[in-house]
Amino acid sequence: MTGSKNGQTFQRFGVEGAPLLAALHADAFQGGEIWDEASFVSLLGGAGTEALVISLDGHPAGFILTRTVLDETEILTLAVHPRFQRMGLGRRLVESILPKGKIFLEVSVSNRVAKKLYDASGFVQAGVRRGYYQDGSDAIVMISRI
Ligand SMILES: CC(C)(COP(=O)(O)OP(=O)(O)OC[C@H]1O[C@@H](n2cnc3c(N)ncnc32)[C@H](O)[C@@H]1OP(=O)(O)O)[C@@H](O)C(=O)NCCC(=O)NCCS
């Protein structure tokens, strides 16, 4: 555990967290791109990749997955279980990684909710990646204000 506030606790996971992360991801991204357990094992086995899970009153509620290469950190994914959304947990996860320094991420042009969260957390648009997602949609690249 790395901290506790309002019943919220943070915990870092390595490859052993893959089943939990895959389940939370599937629940959050309903009908979206599937990241299965094997994908998480592979990601978490890579250098610089970290998973931080937030729990509420002991229930795992969401996580953020980041990869740091040299002085840049990418948010690979962010997910909060629908039951725990709109309670400030997504924002806490994003804010918890801000001390890492230079951060960037891709978010779908159609993901209004996530875009709003990143705007509110101080990220700014840096560009667009055309056809970035499997369904051919574009991604907005956002960077943290340093
Ligand atoms: C995006 C996601 C992680 C947000 O998590 P969350 O815990 O619900 O977010 P928070 O409660 O911390 O909300 C933070 C801000 O995001 C925005 N937001 C969150 N949910 C919203 C909604 N349903 N409608 C509009 N804005 C919303 C608001 O600006 C909110 O701040 P406010 O409550 O002060 O208005 C969550 O909706 C999710 O898992 N979605 C599916 C997966 C996904 O899209 N991940 C992001 C990939 S880049």
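The notes below deal with the structure included here. Just so we're clear, the structure is a prediction, and the values are computed from it rather than from any experiment.

### Concerning the overall build of the chain
Phase 1 of the analysis: The number of helices and strands found in the chain is four helices and eight strands.
Phase 2 of the analysis: For the chain, whose C-alpha radius of gyration is 14 Å, the value lies close to the compact-globule estimate of 15 Å for 146 residues.
Phase 3 of the analysis: Considered along the principal axes of its C-alpha atoms, the chain spans approximately 40 × 30 × 30 Å.
Phase 4 of the analysis: Counted over contacts in the chain with a minimum sequence separation of 6, partners at least 24 positions apart contribute 53%.

### A closer look at the packing of helix α1 (residues 18-28) against helix α2 (residues 37-45)
Phase 1 of the analysis: Here α1 crosses α2 at 125 degrees, and the two axes come no closer than 8 Å. The orientation of α1 relative to α2 falls into the category oblique. Along this stretch, α1 crosses α2, giving a crossing that reads as right-handed. Contact with α1, carried on its side by Ala-18, Pro-19, Leu-21, Ala-22 and His-25, involves Glu-37, Phe-40, Val-41 and Leu-44 of α2 and no other residues of that element.
Phase 2 of the analysis: Within the contact of α1 with α2, the residues separate by chemical class into seven nonpolar, one polar and one charged.

### Regarding the packing of aromatic side chains
Phase 1 of the analysis: Under the definition given, this model contains four aromatic pairs.
Phase 2 of the analysis: Relative to Phe-40, the ring of Trp-35 has its centre 5.7 Å away and its plane inclined at 45 degrees; by these criteria the two rings are tilted.
Phase 3 of the analysis: What makes Phe-40 buried here is its relative accessible area of 0%.
Phase 4 of the analysis: Judged by centre distance (5.8 Å) and plane angle (80 degrees), the ring pair of Phe-40 and Phe-63 falls under edge-to-face. With Phe-40 in helix α2 and Phe-63 in strand β4 (residues 59-69), this residue pair connects regions lying 23 residues apart in the sequence.
Phase 5 of the analysis: One aromatic cluster is present, formed by Trp-35, Phe-40 and Phe-63 through successive ring pairs.

Definitions and limits used
Residues numbered from 1 in each chain as written. Predicted model: local features only at pLDDT ≥ 70, side-chain atom pairs only at ≥ 80, totals over all residues. Heavy atoms only, no water. Helix = DSSP H or I, 4+ residues; strand = E, 2+ residues; numbered from the N terminus. Rg over C-alpha atoms; globule rule 2.2 N^0.38 Å. Contact = heavy atoms within 4.5 Å. Axes fitted to C-alpha atoms, helices over the stretch in contact; angles between N-to-C directions. Parallel < 35°, antiparallel > 145°, perpendicular 65-115°, else oblique. Left-handed = near helix turned anticlockwise from the far one by under 90°. Nonpolar A, V, L, I, M, F, W, Y, C, P; charged D, E, K, R; others polar. Phe/Tyr/Trp six-rings, centres within 6.5 Å; stacked < 30°, edge-to-face > 60°. Buried < 20%, exposed > 50% of the residue type's maximum accessible area, 1.4 Å probe, protein only.

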